[in-house]
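Inside the fold
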Amino acid sequence: MIALAARGVVPGLSVVLVGDDAASAVYVANKEKFARQVGMHGDTIRLPASTTQAELLALVEQLNADDAVHGILVQMPLPSHIDPDVVIRHIAPHKDVDGFHPVNVGKMLIGHTDGFLPCTPAGVIELLVRSGVETRGAEAVIVGRSNIVGKPMAALLVQARAGGDATVTVCHSRSRDLFEHTRRADILIAAVGRAEMIRGEHIKPGATVIDVGMNRVADASRASGSRLCGDVHFESAEAVAGKITPVPGGVGPMTIAMLLQNTVRAAERTASRIGA
Ligand code: NDP
């Protein structure tokens, strides 16, 4: 950032929000807030749910062509009449700071470092490395195989480098004996989207537990009538695990940190290319 500032470059992140999904509105507001806090240009373009796919693609093209915009993020989920894959493929790969464009997914899988890593799995790797968790040779079990968390998580953990070299198992709704797998994990990553499904008895003593889940459940004891929780039942898991991430306050903030890091990298690469 300092080197960029010296060259007169301010990293710019444009977030596009289509529709009025309440959870998405909160995520987007946080992304804009943190981008500004670290001195970036962060703006959110809010479009009505009635926006057509053609209109959204035209906006993406406009952002692709705007030199002040280094990173573009289209918040998911999109309204059902818009195909998310078409939109993602429309974002210029060098501005795809979410790391979902097939070009960036391919680079991640191969192990090339000149693409963008998807923010949530990259944040998990950063958490593991900075917390001194040995991934080399570890049994890593991921519950969930989505394109945004489970699959890229597996791709990163299996790379032959720091924060990788793990023996990876990916579980999903068709896995037989799910908890047989979770119970032998040295590193257990839950990305299921099912509130508090994994409990202490499903965890190997001393394991590192990373809870990606973000679920809102009813809670009459709260003024709001609800609370956020993960895919792991924290109290029972904490008693067994060696290390565990909380929800909220664990993977969520790391995801935003990685988004900002990708945006700075995008700005650095653009600045180098145009010789700013
Ligand atoms: P998806 O719904 O896309 O994927 C969930 C996965 O869990 C699927 O692969 C599904 O299997 C699997 N699954 C569902 N039920 C079971 C079950 N009973 N047993 C085993 N596997 C099961 O969710 P995401 O990956 O998008 O998100 C997962 C969670 O992480 C959510 O709570 C989400 O809110 C949260 N999240 C948090 C982020 C953060 O920044 N903290 C970022 C992104 C997500 P199958 O494929 O067979 O259907």
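Let us look at the structure shown here.

Scoring rules and cut-offs
- Residues numbered from 1 in each chain as written.
- Predicted model: local features only at pLDDT ≥ 70, side-chain atom pairs only at ≥ 80, totals over all residues.
- Heavy atoms only, no water.
- Helix = DSSP H or I, 4+ residues; strand = E, 2+ residues; numbered from the N terminus.
- Buried < 20%, exposed > 50% of the residue type's maximum accessible area, 1.4 Å probe, protein only.
- Near = heavy atom within 4 Å.
- Polar contact = N/O pair within 3.5 Å; in protein donor to acceptor, adjacent residues only side chain to side chain.
- Areas by Shrake-Rupley, 256 points an atom, 1.4 Å probe, with all protein chains shown as cover.
- Nonpolar A, V, L, I, M, F, W, Y, C, P; charged D, E, K, R; others polar.
- Lys, Arg positive; Asp, Glu negative; His and termini not counted.
- Salt bridge = Lys/Arg side-chain N within 4 Å of Asp/Glu carboxyl O.
- Contact = heavy atoms within 4.5 Å.
- Pairing = 2+ DSSP bridges.
- Axes fitted to C-alpha atoms, helices over the stretch in contact; angles between N-to-C directions.
- Right-handed = clockwise from strand over helix to strand, strands pointing away.

**What about unusual backbone geometry?**
- Note the cis peptide between methionine 76 and proline 77, where omega equals 0°.
- If you trace the backbone, proline 77 turns up in the loop between strand E3 (71-74) and helix H4 (84-90).
- In this chain, valine 247 is followed by proline 248 through a cis amide linkage whose omega measures 0°.
- The phi dihedral of aspartate 177 falls on the positive side, at around 50°, and the residue is not glycine.
- Structurally, aspartate 177 can be placed in the loop between strand E5 (167-171) and helix H8 (178-182).
- Its identity as a non-glycine residue notwithstanding, glutamate 196 has a phi of 55°, on the positive side.
- Mapped onto the elements of the fold, glutamate 196 is located in the loop between strand E6 (187-190) and strand E7 (208-211).
- We classify glutamate 196 as partly exposed; its relative accessible area is 21%.

**Overview of the site of the ligand**
- Taken together, 21 residues sit near the ligand, with Arg145, Ser146, Ser173, Arg194 and Met214 positioned nearest.
- In this structure, serine 146 approaches the ligand through a side-chain N or O atom, which is 2.5 Å from an oxygen atom.
- The side chain of threonine 255 places a nitrogen or oxygen atom 3.0 Å from an oxygen atom of the ligand.
- Burial of the ligand by the surrounding chains reaches 70%, relative to a free accessible area of 920 Å².
- The class makeup of the residues in the shell around the ligand is 9 nonpolar, 10 polar and 2 charged.

**Some words on the side chain of lysine 95**
- Along the chain, lysine 95 turns up in the loop between H4 and helix H5 (102-110).
- Although buried, lysine 95 forms no salt bridge, and the nearest oppositely charged side chain, aspartate 67, lies 5.4 Å from it.
- Setting aside residues no more than four positions away along its own chain, lysine 95 makes contact with Leu63, Asn64, Ala65, Asp66, Val69, His70, Gly71, Ile72 and Phe116.

**Section: the sheet that holds strand E1 (residues 12-18)**
- Taken in spatial order, the 3 strands line up as E2-E1-E3 in an open sheet, and their pairing is parallel. This sheet does not close on itself; its edge strands, each paired only once, are strand E2 (41-47) and E3. Strand after strand, the sheet turns through a mean of 15° between neighbouring axes, direction not considered.
- Both E1 and E2 contribute to a ladder of 7 bridges, which runs parallel. Looking across to E2, one finds that valine 18 is bridged to leucine 47.
- The strands touched by helix H2 (residues 22-37) within the sheet are E1, E2 and E3, with E2 carrying the most contacts at an inclination of about 155°.

**Description of the pairing of E1**
- Counting buried residues in E1 gives 7 out of 7 residues, a clear majority hidden from the surface.
- Regarding topology, H2 serves as the crossover connection from E1 to the parallel E2, and that connection is right-handed.

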